[in-house]
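Overview (structure and organization)
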Amino acid sequence: MTVPPEVQPTSNGATSMRTDRCGTLRVADVGRTVTVCGWVAKRREHGEHLAFIDVRDYTGIVQCVVPGTIDVRSEYVVAVEGTVRLRPEGTVNPDLPTGEVELGDCTVALLNAAEPPPFPVDDRVDVDEVIRLKHRFVDLRRPTMQANLRLRAKVNGAMRAAMDRQGFVEVETPLLWAPTPEGAREFAVPSRLHHGSCYVLPQSPQLAKQLLMVAGVDRYYQIARCLRDEDLRADRQFEFTQLDIEASFVSQEDILEFVSEAVLDAAEAATGERPGPVPRMTWAEALDRYGTDKPDIRFGMELVDLTEVFAATGFRAFAAPCVKAIVLEGGASSSRSRLDALTDRAKALGAKGLAWFKVVEGGGGGTDVDSPVAKFLSDEEKAGLVATTGAAVGDLVLTVADEYRLTCHVLGALRVELGGRPVSEGPYRYLWVVDFPLFDGVDDAGNPVAAHHPFTMPHPDDIDRLDSDPASVRSQAYDLVLNGWELGSGSVRVHRADIQSRIFTALGISDEEAASRFGFLLGAFRFGAPPHAGFAVGLDRLVAIFAGEDNIREVIAFPKTQSGWDPMTDAPKPLAPAALRDLGLQPIPKLD
Ligand code: ASP
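Only a predicted model underlies this, so the values are computations on that prediction, with no experimental measurement involved.

**A closer look at the side chain of glutamine 237**
- Tracing the backbone through its elements, the reader meets glutamine 237 in the loop between strand S9 (219-227) and strand S10 (239-248).
- The exposure class assigned to glutamine 237 is buried, which follows from its relative accessible area of 5%.
- Among the polar contacts listed, one links the side chain of glutamine 237 to the backbone nitrogen of lysine 560, at a separation of 2.9 Å.

**Structural notes on the sheet that holds strand S6 (residues 169-170)**
- Within the open sheet, the eight strands sit side by side as S6-S9-S10-S22-S21-S20-S17-S11. Their pairing is mixed. Two strands in the sheet have a free side with no partner beyond their single neighbour: S6 and strand S11 (280-282).
- Inspection of the sheet shows S9 paired to S10 by nine bridges, in the antiparallel sense. Bridge pairing links arginine 225 to threonine 241 in S10.
- Contacts between helix H3 (residues 143-165) and the sheet are confined to S6, S9, S10 and strand S22 (532-538), with S9 contributing the most and set at about 150° to the helix.
- In the packing of helix H6 (residues 283-290) onto the sheet, the strands contacted are S11 and strand S17 (430-434), and the crossing angle to S11 comes to about 85°.

**Examining the packing of aromatic side chains**
- Enumeration over the complete set of coordinates arrives at 14 aromatic pairs.
- Between phenylalanine 168 and phenylalanine 258, the aromatic rings sit 4.9 Å apart at their centres with planes inclined by 80°, giving edge-to-face as the arrangement. A residue pair is termed long-range when its members are at least 10 positions apart, and phenylalanine 168 in the loop between H3 and S6 and phenylalanine 258 in helix H5 (residues 252-271) qualify at 90 residues. For the residue pair phenylalanine 168 and phenylalanine 258, the accessibility class agrees, reading buried in each case.
- Taken together through their ring pairs, the aromatic side chains of Phe310, Phe315, Phe318, Phe357 and Phe376 make up a single cluster.
- When the ring centre of tyrosine 58 is taken as reference, the NZ or CZ atom of arginine 150 above it lies at 3.5 Å.

**Observations concerning the sheet that holds strand S14 (residues 355-361)**
- Strand order in the open sheet formed by five strands is S12-S13-S16-S14-S15, with antiparallel pairing between adjacent strands. What marks the edges here is a single partner per strand, and that holds for strand S12 (304-305) and strand S15 (367-370).

**Some remarks on helix H7 (residues 336-348)**
- With 13 residues, H7 ought to run about 18 Å at 1.5 Å a step, and its terminal C-alpha atoms sit 18 Å apart, in line with that.
- If you check which residues of H7 are buried, you get Leu339, Leu342, Thr343 and Ala346. End-on view of H7: buried residues confined to an arc of 100°, all on one side of the axis. Exposed residues pointing more than 90 degrees away from the buried face of H7 are listed as Ser337, Asp344 and Ala348.
- Where H7 is buried, its residues meet S14, strand S16 (396-402) and helix H9 (404-419).
- The first or second residue beyond H7 is glycine 350, which carries a positive phi of 115°.

**Some thoughts on the site of the ligand**
- Taken together, 14 residues form the shell around the ligand, and within it Glu182, Gln206, Lys209, His452 and Arg493 come nearest.
- Residue histidine 452 places a side-chain N or O atom 2.8 Å away from an oxygen atom belonging to the ligand.
- In this structure, an oxygen atom belonging to the ligand sits 2.7 Å away from a side-chain N or O atom of arginine 493.
- Here the ligand, which alone exposes 270 Å², has 94% of that area covered by the protein.
- For the shell around the ligand, the elements supplying multiple residues, two or more each, are helix H4 (206-214), strand S21 (485-492) and S22.
- Element by element, the count of residues in the shell around the ligand is highest for S22, at three residues.

**What about helix H11 (residues 511-525)?**
- Between its first and last C-alpha atoms H11 spans 15 Å; for 15 residues at 1.5 Å apiece the expected length is 21 Å, and the helix comes up short by more than 12%.
- At phenylalanine 518, H11 shows its largest kink, close to 95°.
- By the burial criterion, the buried members of H11 are Ala514, Phe518, Leu521, Gly523, Ala524 and Phe525.
- At its buried positions, H11 is contacted by H4, helix H10 (497-507) and S22.

**A few points about the pattern of salt bridges**
- Summed over the entire model, instances satisfying the criterion amount to 47 salt bridges.
- Among the ionic pairs, arginine 274 bridges to glutamate 261, the shortest N-O distance being 3.6 Å. You can see arginine 274 sitting in the loop between H5 and S11 and its partner glutamate 261 sitting in helix H5, a full 13 residues away along the chain.
- Of the residues examined, arginine 274 reaches a relative accessible area of 37% and is grouped as partly exposed.
- Between aspartate 462 and arginine 465 there is a salt bridge whose closest N-O contact spans 3.4 Å.
- Among the residues examined, aspartate 462 registers a relative accessible area of 3% and is labelled buried.
- Looking at arginine 465, the relative accessible area reads 29%, which means it is partly exposed.

Analysis parameters
- Residues numbered from 1 in each chain as written.
- Predicted model: local features only at pLDDT ≥ 70, side-chain atom pairs only at ≥ 80, totals over all residues.
- Heavy atoms only, no water.
- Helix = DSSP H or I, 4+ residues; strand = E, 2+ residues; numbered from the N terminus.
- Buried < 20%, exposed > 50% of the residue type's maximum accessible area, 1.4 Å probe, protein only.
- Polar contact = N/O pair within 3.5 Å; in protein donor to acceptor, adjacent residues only side chain to side chain.
- Pairing = 2+ DSSP bridges.
- Contact = heavy atoms within 4.5 Å.
- Axes fitted to C-alpha atoms, helices over the stretch in contact; angles between N-to-C directions.
- Phe/Tyr/Trp six-rings, centres within 6.5 Å; stacked < 30°, edge-to-face > 60°.
- Lys NZ or Arg CZ within 6 Å of the ring centre and 35° of its normal.
- Expected span 1.5 Å × (residues − 1).
- Arc of directions from axis to C-beta.
- Near = heavy atom within 4 Å.
- Areas by Shrake-Rupley, 256 points an atom, 1.4 Å probe, with all protein chains shown as cover.
- Bend = angle between axes of the 7 residues up to and from the residue.
- Salt bridge = Lys/Arg side-chain N within 4 Å of Asp/Glu carboxyl O.

Function cannot be inferred from these measures alone, as they are strictly geometric.
Listed below in structure tokens is the structure:
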């Protein structure tokens, strides 16, 4: 067998127009005559005989010394030929990777003039979001944005390689399609050829990838664009990208393995360090200890159960199905206004109130609590509160008493608000959350709502309760969480018609409705659906965390503003009358 020649990357980025990239020149290059191309970052004149221009490309900046004067301005596009030489003593710039050298005796070819940029191409300058997005092509020249885009490509590449290695095949699925039953509002695309009908943009390739399993593809993946017409937030855009996977003849274990491999590879590519194995927690434990299904396990402040302590309490506010607490270390010095604000916040989160206790020195070297409600508690209850929470003198104990889920939710949110750190701040703590409930809450008609989507397989131990007690049924659905952000979800799918029909019954979906909404999938399942399962990892979120960004907009080339507007193209825009006619559309005034 002949060994193919090693492909050498063109590390200097040479093309027919340049020999090197600006930011790569070093002392070892001294004496070489090179040509670099890029944008003028800065220009200074030294009298009439010498001009200095800093030229920038995505690799960085190099200082070029030009004899005489030169008529270039910021962001002009130039090609500069010169000889690499050591900078004169005293002029070395230690902040610049190229700071020991410069290009001397340069000749500058002007490739294109540029209008003055709307803001300096400089990471240190804070620029208004709308102005940045309006001129995104300039904004992306900034070193941080360049690094973010390249980091994203690296993460994508690592994930692709991991999936290829694990025997997955990349298949593209349609963008113009039919609705996907995953609960988000969808974007519709009116059809020109079928007036009055619309395609729907996929909120995920869920149904397509399940069909690919029926088709015998066995292991599918795609770096897939998904579209959801939902309110935008720091971790949400209309369009986002997922590493979407599905595999046949697998269990939950196999999927967790495949996904861990891809995510840990991506982490290694991005950060240089491979995280250890990802720990696991059941959904019930996550809720109980952290008050959320996406716990940030970088810090403690876990919820403490006090229900037993107050089981026989005479204090009406604590005579609730559940009493829980969190402890804010050193929080006893909080001012009254801060405590009032915390109470208001708890109420805004849905609690009836928030009882706070400052842990103080008690008589005889013990502890006591200082609280407006202390007088309603017995000495045993006060002692039990301190002992069970483990709070020390100087700490603040915050308690909520209510229904179990609500109590967990309120304290879970306060825990993050009081103890949390920005999501992108290390260390990176991954967590698998497994055994989600199959259903979550009820809809307006009183029917249970699918927690993941209606094709999720119930937990084998709970399947018998599907008809009698659906709320207690766990599913084979799982999430991957990183620093309190949900990175992705997946499930083992229902591949058997009898189980699927019991789930539809529980969801209140009639046979006719099921047939009209996803008849094509159910129909396909009759032709030999293998057992299958899958997952999707949110790439924007993952890259944002690796990039140290708390908003996914910073790792997306052309994102929208919070209101879903693109200031650069001004999309969305009204359609021209002719286009409306073509599509058979007639605008009507917005109804509120
Ligand atoms: N389609 C799901 C999602 O987009 C992921 C999955 O179940 O594979 O969240």
